[in-house]
Amino acid sequence: MSSLVAYDDSESEDDSHDQTEEGATASVQTGSCEQNQEVRVFNSSEVTQSPHSFTPDPGRSVLQYLGGISERRSSSLHPQSCFDLERNYCSYGTSQEKHFRDTAAPLSLRASQGKSSQLQTLPHMPQSLGDGPNPAKRHHTVLSSVKPYIPKRLRLATSVETVDTKLPAEQVPGNQTRESQILSEVSARVKPYLANKSHSAGIPRRLLMSLGGHQGPVNTVQWCPVPHLSHLLLSASMDKTFKVWDGAESGRCLRVHTCHSGAVRDACWTPCGRHLLTGSFDNTAVITDVETGQQVVKLDNQFRVMCAVPHPSNPEVFLCGGYSSVVKAWDSRSCKAVKVYKAGVQQTLDILFLRDGVDFITSSDCVSRDSSDRTLIAWDYQTTAKVSNQIYHERYTCPSLALHPLEESFVAQTNGNYMAVFSSQRPYRMNKRRQYEGHKVEGYAVRCEFSLDGTILASGSSTGSAHFYDYHNARTLHTLRAHSQPCLCVSQHPVLPATAATCDWAGEIKVWH
């Protein structure tokens, strides 16, 4: 049918194609599919006289014309009959509105769209006046309580559209079908070692895979601390991105995050393994959901962030430090800075929480002899007071810190080309008889890290090598010729023995075993 309103005098549907009534168009947007469809509606003020037309009577309502046109030859209608016609028409319009709202099928009058240029537009015309043919011409009654049948193909299409709108903007091309399984899959290479809790760390010696994709220096790499998710490898780069890789088996990039507008200086996993905490030179710290890839929290620190660490016993709180004399403690639930730690320094290089998060250590760029603040400062987390500022007396900055997983000690990477050991209990004394030498720092932010059992201490080097030391006697166990550019980080796998990941200044990541 080319017209929505069918005249009762028409003998067949073919006669309606020969008529040229003037009408109006209304734009209808259904609930299940967003398509603009033109619907012819009856306009009594613009009806042209024809053998099949009629003259409106002011004494009769529009609903009487639409519902009982065939009875216009009679002199009058009973008032009760008019009431019934209006009631039937209203129920019919309600069912028709529900039909077009619940289904994604196009209207039956799309063939009349070619004549829409000759019709006037009525943007506020109700849908019930133009969503269906004359109720008097229908052979059966549509009940408002009966829901129309929706084909399975359309139901599936609607559900797919709903899921697609929730996908994040940052995705790796070609990996969309597997992104929802990042936290549900267990690597076949890691699974045999999950039951074995007492394995030794070991020294990696051979190249397993090389991961390329970053366009700038990679500042850090870190394995996921959760054992069954430890095949996931996080990397942060100066190219303004941070990525999640399958570093244990396939080596493919699972997700790329581009939420920062500046270089990503630091990145780490939260203890639960479901979120990522990143700090950037765009003054922001961001918490990202690993499963969905969406931002959970984005906070403006008003200074370039160089380090960001979560609280070990309260993962909703994290500290940020950088190009500022203060360190801020943020609560991700309220998005507010709950504590501020002030020191007379220019910038904070690294932050390390000690056992249970009662105290923490900050590394600054303050190396002056006549300054009351030294390179390492110990803080009380609750009171924001300085516990000690006379820990390290050498005139070297410390670009990174690492806590021993079992013993009460921590190490500091120094620009004096050695790592120093300190007690993690007050008064945080330095062990002057034990130093780890053999690598070079030379102004790079070279990181150091312990193995899970605490027996091996690993460090990068400005020469591109990865150095592995025996923690207890400071002896060099192995030197791995890893990169041609400065090696900035060495991360030892928490489950797989003799497995480590390294990154360099050229943007390359390598996995060794």
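To start, this report covers the structure provided alongside it. Quick caveat, the model's predicted, so the values are computed rather than measured.

**A closer look at the overall build of the chain**
Line of reasoning, step 1. Within the chain one finds four helices and 31 strands.
Line of reasoning, step 2. Looking at the 513 residues of the chain, the share that counts as buried comes to 50%.
Line of reasoning, step 3. Across the chain, contacts joining residues at least 24 apart in sequence account for 51% of those joining residues at least 6 apart.
Line of reasoning, step 4. As displayed, the chain offers around 24600 Å² of accessible surface, 49% of which is attributable to carbon and sulfur atoms.

**Things to note about the nonpolar core**
Line of reasoning, step 1. Counting 18 residues, the largest nonpolar core has Leu232, Leu234, Phe242, Val244, Trp269 and Leu276 as the members making the most contacts within it.
Line of reasoning, step 2. Secondary-structure elements contributing two or more residues to this core are β6 (232–237), β7 (242–246) and β9 (264–269).
Line of reasoning, step 3. If near-sequence neighbours (up to four positions away) are discounted, Phe242 is found in contact with Leu234, Ser235, Ala236, Arg255, Val256, His257, Cys259, His260, Val264, Leu276, Thr278 and Thr288.

**Topic: the sheet that holds strand β21 (residues 400–403)**
Line of reasoning, step 1. With respect to topology, four strands assemble into an open sheet ordered β21-β22-β23-β24, the strand pairing being antiparallel. Sheet topology places β21 and β24 (430–437) at the edges, where each strand pairs with a single neighbour. Strand after strand, the sheet turns through a mean of 25° between neighbouring axes, direction not considered.
Line of reasoning, step 2. Pairing between strand β22 (residues 409–414) and strand β23 (residues 418–423): six bridges, direction antiparallel. Directly across from Val411, in β23, lies its bridge partner Val421.

**What to know about the sheet that holds strand β13 (residues 305–310)**
Line of reasoning, step 1. Pairing is antiparallel in the open sheet, where four strands are placed in the order β13-β14-β15-β16. The two strands at the open ends of the sheet, each matched to only one other strand, are β13 and β16 (336–342). The average angle at which neighbouring strand axes cross in this sheet is 20°, direction not considered.
Line of reasoning, step 2. In the sheet, strand β14 (residues 317–322) pairs with strand β15 (residues 326–331) via four bridges, with the strands oriented antiparallel. Directly across from Phe318, in β15, lies its bridge partner Trp330.

**Points about the pairing of strand β10 (residues 275–280)**
Line of reasoning, step 1. Of all six residues that make up β10, five are buried, and the element is covered over most of its length.
Line of reasoning, step 2. In terms of strand pairing, β9 meets β10 through five bridges, oriented antiparallel. If you follow Ala267 over to β10, its bridge partner there is Thr278.
Line of reasoning, step 3. Connecting the antiparallel pair β9 and β10 is a turn made up of five residues, with Gly273 showing a positive phi of about 80°.
Line of reasoning, step 4. Here five bridges tie β10 to strand β11 (residues 284–289), and the two strands are oriented antiparallel to one another.

**Some points on the state of the cysteines**
Line of reasoning, step 1. As enumerated under the stated definition, the model contains zero disulfides in all.
Line of reasoning, step 2. There is no disulfide at Cys398, and the cysteine sulfur nearest it, in Cys448, is 9.4 Å away.
Line of reasoning, step 3. Cys398 sits in the buried class, given a relative accessible area of 0%.
Line of reasoning, step 4. No disulfide involves Cys448; its nearest neighbouring cysteine sulfur is the one of Cys489, lying 9.2 Å away.

**Notes on the side chain of Asp504**
Line of reasoning, step 1. Tracing the chain through its elements places Asp504 in strand β30 (residues 500–504).
Line of reasoning, step 2. Buried within the structure, Asp504 lacks any salt-bridge partner; Lys510 is the closest side chain of opposite charge, at an N-O distance of 6.6 Å.
Line of reasoning, step 3. Those residues in contact with Asp504, other than ones at most four positions away along the chain, are Pro217, Val218, His483, Gln485, Pro486, Cys487 and Leu488.

**Regarding the pairing of β24**
Line of reasoning, step 1. Bridge analysis of β23 against β24 gives five bridges, and the strand direction is antiparallel. For Tyr418, the partnering residue across the bridge sits in β24 and is Glu437.
Line of reasoning, step 2. Where β23 folds back onto β24 in an antiparallel hairpin, the turn is made up of six residues, including Tyr428, whose phi is positive at roughly 60°.

**With respect to the layout of surface pockets**
Line of reasoning, step 1. Within this model, the largest pocket holds a volume of roughly 1500 Å³.
Line of reasoning, step 2. Considering the residues around the largest pocket, the lining is formed by 49 residues, among which Gln222, Pro225, Trp269, Leu403 and Glu449 are closest to the centre.
Line of reasoning, step 3. If you list the elements that add at least two residues to the lining of the largest pocket, you get β5 (218–223), β9, β13, β17 (348–353), β21, β25 (448–450) and β29 (487–492).
Line of reasoning, step 4. Residues that form the lining of the largest pocket fall into these classes: 31 nonpolar, eleven polar and seven charged.

**Here we look at the packing of aromatic side chains**
Line of reasoning, step 1. One pass over the structure, following the stated rule, counts 13 aromatic pairs.
Line of reasoning, step 2. Consider the rings of Phe281 and Tyr323, whose centres lie 6.0 Å apart with planes at 80°: the pair is edge-to-face. With Phe281 in the loop between β10 and β11 and Tyr323 in the loop between β14 and β15, this pair connects stretches of sequence that are 42 residues apart.
Line of reasoning, step 3. A relative accessible area of 22% means that Phe281 is categorised as partly exposed.
Line of reasoning, step 4. Both rings, one in Phe450 and one in Tyr471, keep their centres 5.3 Å apart while their planes meet at 75°; by these two values the pair is edge-to-face.

**Focus: the pattern of salt bridges**
Line of reasoning, step 1. Summed over all chains, the structure comprises five salt bridges.
Line of reasoning, step 2. The salt bridge involving Asp266 is made with Arg447; its shortest N-O contact spans 3.2 Å. With Asp266 in strand β9 and Arg447 in the loop between β24 and β25, this residue pair connects regions lying 181 residues apart in the sequence.
Line of reasoning, step 3. For Asp266, a relative accessible area of 6% gives the class buried.
Line of reasoning, step 4. Residues Arg355 and Glu408 are paired through a salt bridge, measuring 3.8 Å at the closest nitrogen-oxygen approach. One end of the pair, Arg355, is in the loop between β17 and β18 (359–364); the other, Glu408, is in the loop between β21 and β22, and 53 residues separate them in sequence.
Line of reasoning, step 5. Residue classification places Glu408 among the partly exposed positions, given a relative accessible area of 35%.
Line of reasoning, step 6. Each member of the salt-bridge network shares a partner with another, and the members are Asp359, Asp380 and Arg426.

Procedures and definitions
Once a new chain begins, its residue numbering starts again from 1 and follows that chain's sequence as written. Where totals are concerned, whole chains, interfaces and linings use all residues; where local detail is concerned, this predicted model gives features only for residues with pLDDT of at least 70, and gives and counts side-chain atom pairs only at 80 or more. Side-chain descriptors were evaluated using all non-hydrogen atoms of the structure, hydrogens and water having been removed beforehand. Helix and strand labels come from DSSP, where a helix needs a run of H or I of at least four residues and a strand needs a run of E of at least two; each type is numbered from the N terminus. Buried residues are those whose accessible area, probed at 1.4 Å on protein chains only, stays under 20% of the maximum for their type, while exposed residues exceed 50% and partly exposed ones sit between those limits. Contact between two residues is taken to exist if any of their heavy atoms lie within 4.5 Å; hydrogens are not considered. Accessible surface area values rest on a Shrake-Rupley calculation with a 1.4 Å probe, where residue burial reflects the displayed protein chains alone. To form a nonpolar core, buried Ala, Val, Leu, Ile, Met, Phe, Trp, Tyr and Cys residues must be joined to one another through side-chain atoms within 4.5 Å. Only strands joined by at least two bridges in the DSSP assignment are considered to pair. Between N-to-C directions, angles cover 0 to 180 degrees, with each direction set by a line fitted to C-alpha atoms, over the stretch in contact for helices. Note on terminology: pairs of cysteine sulfur atoms within 2.5 Å are recorded as disulfides. His is not counted, nor are the chain ends; Lys and Arg add positive charge and Asp and Glu add negative charge. Any Lys or Arg side-chain nitrogen located within 4 Å of an Asp or Glu carboxyl oxygen qualifies as a salt bridge. The rule is simple: put a 1 Å grid over the protein atoms alone, call a set of points where a 1.4 Å probe fits but cannot get out a cavity, call an open set with protein on both sides within 12 Å along at least five of seven lines a pocket, and count a residue as lining if it has an atom within 4 Å of a point. Grid points are joined across faces, edges and corners, and a volume is the space filled by probe spheres set on the points. Each residue is assigned to one class: nonpolar for Ala, Val, Leu, Ile, Met, Phe, Trp, Tyr, Cys and Pro, charged for Asp, Glu, Lys and Arg, and polar for all the others, Gly among them. Aromatic pairs are defined between Phe, Tyr and Trp rings, using the six-membered ring for Trp, whenever the two ring centres lie within 6.5 Å; interplanar angles under 30 degrees are classed as stacked, those over 60 as edge-to-face, and all others as tilted.

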